[in-house]
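Structural description and commentary
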Amino acid sequence: MQKRSLSSASRSGKSGGALVRRRALLGTVVLVALVALAGLFSYLTRDNREPSNHSSAQPTSPATTFAPASPSALPSGPSAALPSPPDTRDPIAFGKAAAVALWSYDTRAYSQPELVAALHRWLTTEGQYVDADSVERQVPSPMLWGRMADSGQFATATAAEAHFPDSFTRALQADPGAITQAYVYAVTVSGKQSIAWSGSPQGGAEDRSATLAVQCRPDRPCALVGVMPSVAP
């Protein structure tokens, strides 16, 4: 009995160790991709956009930006729709849309699992790159969601600016060809989230920012890879 227990513990330890190594490898792959792939957006999409957009080493957001919404502009009824990914090959535009989706919710209109399922549709289908857990962590837990739903809490968001971080653009110079492996871009988005409750439309607002990993292969629309643990300037 003791030998079997030791054997079982050994197998469990090996399994746990393999899982840790796999996660570490995945994190490394994504990080390397992000570090190497941030600056070739202008080159890859130069035939599909105006020359003035993203022409520098660190492009800023597209010309059309979103003005932060005032709390009074928040919806007063449960009419919010679940977020759907845009059909675009522009990592900047996709990053802004993804940030808005991650910062928005409406406990009056849908459940927490429904929102998680909707955000999963934004993710890349390439398992070697995707980090679904980092996206799910942006959504309130089921327990917290239930408490928020009791007061009819909801939030809207706007993305005012997005760009490729300096560190990723500089790293690209060391290995320009790396982008052709995964086509993953780092996009830092800044915006505002407005929160309110049923019966209290004034609510409050706060600035938000995040660095997203966005995959934009030339032959398909962009998809979300994950959310980085810290914001890259």
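Above this text is the structure in question.
Summarised in this report is the structure supplied together with it. (Residues numbered from 1 in each chain as written. Predicted model: local features only at pLDDT ≥ 70, side-chain atom pairs only at ≥ 80, totals over all residues. Heavy atoms only, no water.)

**A few points about the overall build of the chain**
The helix and strand inventory of the chain stands at eight helices and five strands. Along its sequence from the N terminus, the chain presents helices and strands in the succession α-α-α-β-α-α-α-β-α-α-β-β-β. Taken over 233 residues, the chain has a buried fraction of 41%. Considering only contacts in the chain between residues 6 or more positions apart, those separated by 24 or more positions represent 78%. (Helix = DSSP H or I, 4+ residues; strand = E, 2+ residues; numbered from the N terminus. Buried < 20%, exposed > 50% of the residue type's maximum accessible area, 1.4 Å probe, protein only. Contact = heavy atoms within 4.5 Å.)

**As for the pattern of salt bridges**
In the structure shown here, the tally under the stated rule is five salt bridges. Here Glu-126 makes a salt bridge to Arg-220, at a shortest N to O gap of 3.1 Å. Taken together, the residues span a long stretch of sequence, with Glu-126 in the loop between helix H4 (112-120) and helix H5 (132-136) and Arg-220 in the loop between strand S4 (200-215) and strand S5 (223-227) at a distance of 94 residues. Given the relative accessible area of 33%, Arg-220 is considered partly exposed. Here the salt bridges do not stand alone but share partners, grouping Glu-126, Arg-217, Asp-219 and Arg-220 into one network. (Salt bridge = Lys/Arg side-chain N within 4 Å of Asp/Glu carboxyl O.)

**Let's talk about empty space enclosed by the protein**
Taken as a whole and judged by the stated rule, the model has one cavity of 30 Å³ or more. For the largest cavity, the full set of lining residues is Ala-101, Leu-102, Ser-104, Tyr-105, Leu-115, Leu-119, Gln-138, Val-139 and Pro-140. By residue class, the composition of the lining of the largest cavity is seven nonpolar, two polar and no charged. (1 Å grid on protein atoms, 1.4 Å probe; cavity = no way out; pocket = protein on both sides within 12 Å on 5 of 7 lines; lining within 4 Å. Points joined across faces, edges and corners; volume = space filled by probe spheres on them. Nonpolar A, V, L, I, M, F, W, Y, C, P; charged D, E, K, R; others polar.)

**Digging into the packing of aromatic side chains**
Going through the model one piece at a time under the given rule, you end up with four aromatic pairs. Taken together, the ring pairs connect Tyr-105, Tyr-110 and Trp-145 into an aromatic cluster. Here the basic side chain of Arg-108 rests over the ring of Phe-154, its NZ or CZ set 3.6 Å away from the ring centre. (Phe/Tyr/Trp six-rings, centres within 6.5 Å; stacked < 30°, edge-to-face > 60°. Lys NZ or Arg CZ within 6 Å of the ring centre and 35° of its normal.)

**Looking at the nonpolar core**
Grouped together as the largest cluster of nonpolar side chains are 37 residues, with contacts concentrated most on Tyr-105, Leu-119, Val-187, Leu-212 and Leu-224. Those elements giving two or more residues to this core turn out to be helix H3 (91-103), H4, helix H6 (142-150), strand S2 (154-163), strand S3 (184-197), S4 and S5. Tallying contributions element by element places H3 first for this core, with seven residues. Setting aside residues no more than four positions away along its own chain, Tyr-105 makes contact with Tyr-110, Leu-115, Trp-145, Met-148, Gln-153, Phe-154, Ala-155, Gln-193 and Ile-195. (Core = buried A, V, L, I, M, F, W, Y, C linked by side-chain atoms within 4.5 Å.)

**Some words on H4**
Considered for burial, the residues of H4 that qualify are Gln-112, Leu-115, Val-116, Ala-118 and Leu-119. Seen from one end, H4 has its buried residues packed into an arc of 160°, which puts them on one side. Along its buried surface, H4 packs onto H3, strand S1 (105-106), H5 and H6. (Arc of directions from axis to C-beta.)

**Regarding the environment of Gly-152**
On the secondary structure map, Gly-152 appears in the loop between H6 and S2. Note: C-alpha distance between Gly-152 and Ser-200 (48 residues apart in sequence) is 9.7 Å. Non-local contacts of Gly-152, meaning those with residues more than four positions away in its chain, are made with Thr-107, Arg-108, Ala-196, Trp-197 and Ser-198.

**A word on unusual backbone geometry**
With a phi angle near 55°, Tyr-183 is a residue other than glycine that sits in the positive phi range. Residue position: Tyr-183 is located in the loop between helix H8 (179-182) and S3.

**Focus on the side chain of Thr-124**
Within the element layout of this structure, Thr-124 appears in the loop between H4 and H5. A polar contact of 3.2 Å, which involves the side chain of Thr-124, links it to the backbone nitrogen of Glu-126. A polar contact of 2.6 Å, which involves the side chain of Thr-124, links it to the side chain of Gln-215. Every residue in contact with Thr-124, bar those within four places of it in the chain, is listed here: Val-130, Gln-215, Ala-223, Leu-224 and Val-225. (Polar contact = N/O pair within 3.5 Å; in protein donor to acceptor, adjacent residues only side chain to side chain.)

So, to be careful, I would describe these as geometric facts and stop short of saying anything about function.
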